[in-house]
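Descriptive analysis of the structure
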Amino acid sequence: MLRAVVAMLILFALLISVSACEDSSSELVGKWYAEIDVTDRVSEAMSVLEFTADNRINVFIELTFRADGKMSIDIDYEKSMESFDAFVNRFTEAGIRSVYQTFGRDGMTREFVDMFFKLRYRCTVEEFLRKYADTDIMPQFSSLMDTLSEYTVLEIDYRTQYNMLFLTDGLSTPSDFHVDFEVTGDTLLLTRDEAVPLYSVFSSLEDFLSLPLELCRANERTA
């Protein structure tokens, strides 16, 4: 009798363990964000890489997993804009130094450079660089943000089994499509087998949400 009871307890424990492994969706519930470096996409056509080697533009992508099995993808425009503004400030500072150094190699003083810009461009060196950022860099960034926003979706159905995250939008994504995931503390790592094709929103955003992708839990914004 005792052996039968022990056997039943062991079996019950195993069933609980398997069930927990199969449904790990509770680990995902909440909001997660990733910083996507888009500096080269914004600056590659404008020959400003010498100013941006140590200055990056990040777009913040948010993935929200709800307890009802729905997932949404969005852009944190506020944090992305903060990153862009910081980029412009550092770009301007580096540009000012570069302008003075370039003219200085030809023996021109800062006073002469300031006078030249006021006469030629009717503005200071800093104002010239900020106008450049507004007219050339900002449109590139805005265009990129518009492209990303087109591919964000309201919600996708998701479910988990073991370490697999199954996704479907009910349209173009097969119900058996999945990516692998691992939650460690406040970090979510998404990976996939290279032999498995990307579908739907992950396919549309493949250039930006290339896997593996590491996300951080946005604890302060999960309420």
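To start, this report covers the structure provided alongside it. From a predicted model like this one, the values you see are computed outputs, not experimental measurements. (Residues numbered from 1 in each chain as written. Predicted model: local features only at pLDDT ≥ 70, side-chain atom pairs only at ≥ 80, totals over all residues. Heavy atoms only, no water.)

Further remarks concern the overall build of the protein chain. Helix and strand counts for the protein chain stand at seven helices and eight strands. Element-wise, carbon and sulfur atoms account for 53% of the exposed surface of the protein chain, whose accessible area totals about 13300 Å². (Helix = DSSP H or I, 4+ residues; strand = E, 2+ residues; numbered from the N terminus. Areas by Shrake-Rupley, 256 points an atom, 1.4 Å probe, with all protein chains shown as cover.)

A separate point is unusual backbone geometry. Backbone geometry at R122 places phi at a positive 55 degrees, although glycine is not the residue there. By secondary structure assignment, the location of R122 is in the loop between α5 (110-120) and α6 (125-151). Residue classification places R122 among the exposed residues on the basis of a relative accessible area of 73%. Phi at Y162 is positive, roughly 55 degrees, even though this residue is not glycine. Position of Y162 among the secondary structure elements: in the loop between β4 (156-161) and β5 (164-168). Classification of Y162 by relative accessible area gives partly exposed; the value is 40%. (Buried < 20%, exposed > 50% of the residue type's maximum accessible area, 1.4 Å probe, protein only.)

Another aspect to go through is the pattern of salt bridges. Scanning all chains against the criterion turns up six salt bridges. Among the ionic pairs, K70 bridges to D157, the shortest N-O distance being 2.4 Å. Note that K70 is positioned in strand β3 (residues 70-75) and D157 in strand β4, a separation of 87 residues in sequence. Its relative accessible area of 23% is what places K70 among the partly exposed residues. R217 serves as the salt-bridge partner of D186, at 3.5 Å between the closest nitrogen and oxygen. (Salt bridge = Lys/Arg side-chain N within 4 Å of Asp/Glu carboxyl O.)

What follows deals with the sheet that holds strand β1 (residues 30-37). An order of β1-β2-β3-β4-β5-β6-β7-β8 is seen for the eight strands of this closed barrel, with the pairing classed as antiparallel. Each strand of the sheet is rotated relative to its neighbour by a mean of 35 degrees, with strand direction disregarded. Packed onto the sheet, helix α4 (residues 77-104) meets β2 (58-65) and β3 and runs at close to 165 degrees relative to β2. (Pairing = 2+ DSSP bridges. Axes fitted to C-alpha atoms, helices over the stretch in contact; angles between N-to-C directions. Contact = heavy atoms within 4.5 Å.)

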